[in-house]
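Structure assessment
The lines below spell out each chain.
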Amino acid sequence: MPVFTYTYRDMHGGVQKGTADADSEEVLRKRFEEQGLTITELTMIKAKSPKTKTYGKVRLQNLSVFCRQFSTMVDAGVSLVRCLDVLGHQTSDTKLKKILRDIGERVESGESLSRAMQRHPKTFNNLFIGLIKAGEVGGVLEESLQRLSHFLEKDVELRRKVKSAMTYPVLVLVMASGIVGFLVAWFIPRWMDILVDLGLKKTDLPAPTKFLVDVSGVVTHYWWMVLISLVILIFAYRLFVSTRFGRRVADRIKLKIPVFGKLHHKICMARFSRTMGTLLTSGVPILQAMETVAGTVGNTIMSDAVLEARARIREGDRIGDPLEASPSFRRWSCI
């Protein structure tokens, strides 16, 4: 990450200097503007380092066990380097083993634990880094790790409940699709042959039956076109949701789908509440906590509502008022 040297004027008009790391000049200027300060001079003194090798994503269950064991060892007075070395040898997850080895080497060379973990964004998200940083600053790293472990355990439990709740509807959908496919591809053509043998013409059939026979003909004779069309539709959908506008449209539809929309909304609310509570309990400032929560909710519509509430809180509003003004939080904001 690039390192910048900056000069700014404080609240009393005095000139202050310092250094900080940020992704870009715009990010650093925005960080100061949020505190009511304006940078007068800004110079990059260290370019962005080469891209750190990543090892993929680690399962939440393995990460939860790691946090629980890490907190126990830190609470017992074991050094960070020793903890990371022991846990790296104990874990059966090869990805986590490589990540812990890399973090241990960086911590041993003088880098902070949060900074070393920040180099593996696929494994440690903003919530993880924020809690670790708060634990380092407050000297309560073992408590932050315990909260992280509890949070991850609850998240794993929530995902398990969602999967079990979705199992029956998905099975019904798969069975229904299979039956419809069998009827269209095999049964209807043979049924139509029987009708022709009986002397019945296609023009004598009702309109819905004609439509079904035509669909069966397309699937039977032009199945390759149907397959190509499905692939194009899936590709177009993924391309559409990769844009900010497309993601907002898809997330808005997710919230309004019958039955599943309410389930998705409750999942997002559970993530919001649990993440917010964990961050605030760990001593993370409210504005930083809301910024982190906005990235973990899982829905851009609700994320935008959280960021808008954060902006109003920064201007002096209470926490509950801006959340209550949003349709996504109106029924749930009891703060």
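Residues numbered from 1 in each chain as written. Predicted model: local features only at pLDDT ≥ 70, side-chain atom pairs only at ≥ 80, totals over all residues. Heavy atoms only, no water.

Here we look at the overall build of the protein
Check the secondary structure of the protein and you find 14 helices and three strands. The C-alpha atoms of the protein give a radius of gyration of 28 Å, which is well past the 20 Å a tight globule of 335 residues would have. In terms of overall dimensions, the protein has a C-alpha envelope of 95 × 50 × 40 Å along the principal axes. Across the 335 residues that make up the protein, the buried fraction comes to 34%. Considering only intrachain contacts with a sequence separation of at least 6, the fraction spanning at least 24 residues in the protein is 55%. Charge-centre separation for the protein: the mean point of 49 positive side chains lies 5 Å from the mean point of 33 negative side chains. (Helix = DSSP H or I, 4+ residues; strand = E, 2+ residues; numbered from the N terminus. Rg over C-alpha atoms; globule rule 2.2 N^0.38 Å. Buried < 20%, exposed > 50% of the residue type's maximum accessible area, 1.4 Å probe, protein only. Contact = heavy atoms within 4.5 Å. Lys, Arg positive; Asp, Glu negative; His and termini not counted. Charge placed at Lys NZ, Arg CZ, Asp CG, Glu CD.)

Describing the packing of aromatic side chains
Following the criterion strictly, the structure yields four aromatic pairs and no others. Ring geometry for Phe240 against Phe245: centres 6.1 Å apart, planes inclined by 85°, an arrangement best described as edge-to-face. Here Phe240 falls in the partly exposed class, since its relative accessible area comes to 37%. Geometry around Phe151 places Arg274 over its ring, the cationic atom sitting 5.4 Å from the centre. (Phe/Tyr/Trp six-rings, centres within 6.5 Å; stacked < 30°, edge-to-face > 60°. Lys NZ or Arg CZ within 6 Å of the ring centre and 35° of its normal.)

What about the nonpolar core?
Of all hydrophobic cores here, the largest spans 49 residues; its most connected members are Phe66, Phe70, Ile103, Leu113, Met117, Phe124 and Phe128. Contacts of Phe70, omitting those with residues within four sequence positions, involve Leu80, Cys83, Leu84, Leu87, Leu113, Met117 and Leu145. Counting residues in each nonpolar core, the second largest holds ten residues, with Phe4, Ala20, Ala22 and Leu28 among its members. (Core = buried A, V, L, I, M, F, W, Y, C linked by side-chain atoms within 4.5 Å.)

Focus: the environment of Ala134
Looking at the secondary structure, you find Ala134 in helix 6 (residues 126-138). Sequence-wise, Ala134 and Pro285 are 151 residues apart; in three dimensions their C-alpha atoms are separated by 9.5 Å. With residues near it in sequence (within four places) discarded, Ala134 still touches Ser144, Ser282 and Val284.

Describing helix 8 (residues 207-221)
Compared with the 21 Å implied by 1.5 Å per residue over 15 residues, the 21 Å span of helix 8 between its first and last C-alpha is a close match. Every buried residue belonging to helix 8 is among Thr209, Val213 and Ser216, and all of these are buried. In a view along the axis of helix 8, the buried residues occupy a sector of 60°, so they form one face of it. Opposite the buried face of helix 8, by more than 90 degrees, sit the exposed residues Ala207, Pro208 and Phe211. (Expected span 1.5 Å × (residues − 1). Arc of directions from axis to C-beta.)

So, the packing of helix 9 (residues 223-241) against helix 10 (residues 244-256)
With their axes 6 Å apart at the nearest point, helix 9 and helix 10 run at an angle of 105° to one another. Looking at the two axes, helix 9 sits roughly perpendicular to helix 10. The segment helix 9 lies against helix 10, with Tyr237, Phe240 and Val241 engaging Phe245, Gly246, Arg247, Val249 and Ala250. Residues belonging to the contact of helix 9 with helix 10 are distributed by class as follows: six nonpolar, one polar and one charged. (Axes fitted to C-alpha atoms, helices over the stretch in contact; angles between N-to-C directions. Parallel < 35°, antiparallel > 145°, perpendicular 65-115°, else oblique. Nonpolar A, V, L, I, M, F, W, Y, C, P; charged D, E, K, R; others polar.)

Things to note about the pattern of salt bridges
Following the criterion strictly, the structure yields 14 salt bridges and no others. The salt bridge involving Glu143 is made with Arg147; its shortest N-O contact spans 3.7 Å. Of the two residues, Glu143 and Arg147 both sit in helix 7 (residues 141-197), four residues apart, roughly one turn of that helix. Look at Glu143 and you get partly exposed, because its relative accessible area is 34%. (Salt bridge = Lys/Arg side-chain N within 4 Å of Asp/Glu carboxyl O.)

Remarks on the packing of helix 2 (residues 60-75) against helix 3 (residues 80-90)
The interhelical angle for the contact between helix 2 and helix 3, taken along N-to-C directions, is 145°, at an axis separation of 10 Å. With respect to the hand of their crossing, helix 2 and helix 3 are arranged in right-handed fashion. On the side of helix 2, the interface is formed by Phe66, Gln69, Phe70, Met73 and Val74, while helix 3 contributes Leu80, Cys83, Leu84, Val86, Leu87 and Gln90. (Left-handed = near helix turned anticlockwise from the far one by under 90°.)

A short note on helix 11 (residues 260-281)
With 22 residues, helix 11 should cover 32 Å at 1.5 Å per step; its first-to-last C-alpha distance of 32 Å lies within 8% of that length. For helix 11, every residue scored as buried is listed here: Gly261, His264, His265, Ile267, Cys268, Met269, Phe272, Thr275, Met276, Thr278 and Leu279. The elements touched by buried residues of helix 11 are helix 6, helix 7, helix 10, helix 12 (286-294), helix 13 (300-314) and helix 14 (320-324). Among the residues trailing helix 11, Gly283 stands out with phi positive, at a value near 90°.

Describing the state of the cysteines
Here the structure, examined in full by the defined rule, presents zero disulfides. With no disulfide of its own, Cys67 has Cys83 as its nearest cysteine by sulfur position, at a separation of 12 Å. (Disulfide = S-S within 2.5 Å.)

Comments concerning the side chain of His264
Structurally, His264 can be placed in helix 11. Taking the relative accessible area as the measure of exposure, His264 reaches 16% and is therefore buried. Sequence-distant contacts of His264, that is, excluding residues within four places in its chain, are made with Lys254, Leu255, Gly298 and Asn299.

Notes on the environment of Gly246
Take Gly246: it is sitting in helix 10. Beyond its immediate sequence surroundings of up to four residues, Gly246 is in contact with Phe240 and Val241.

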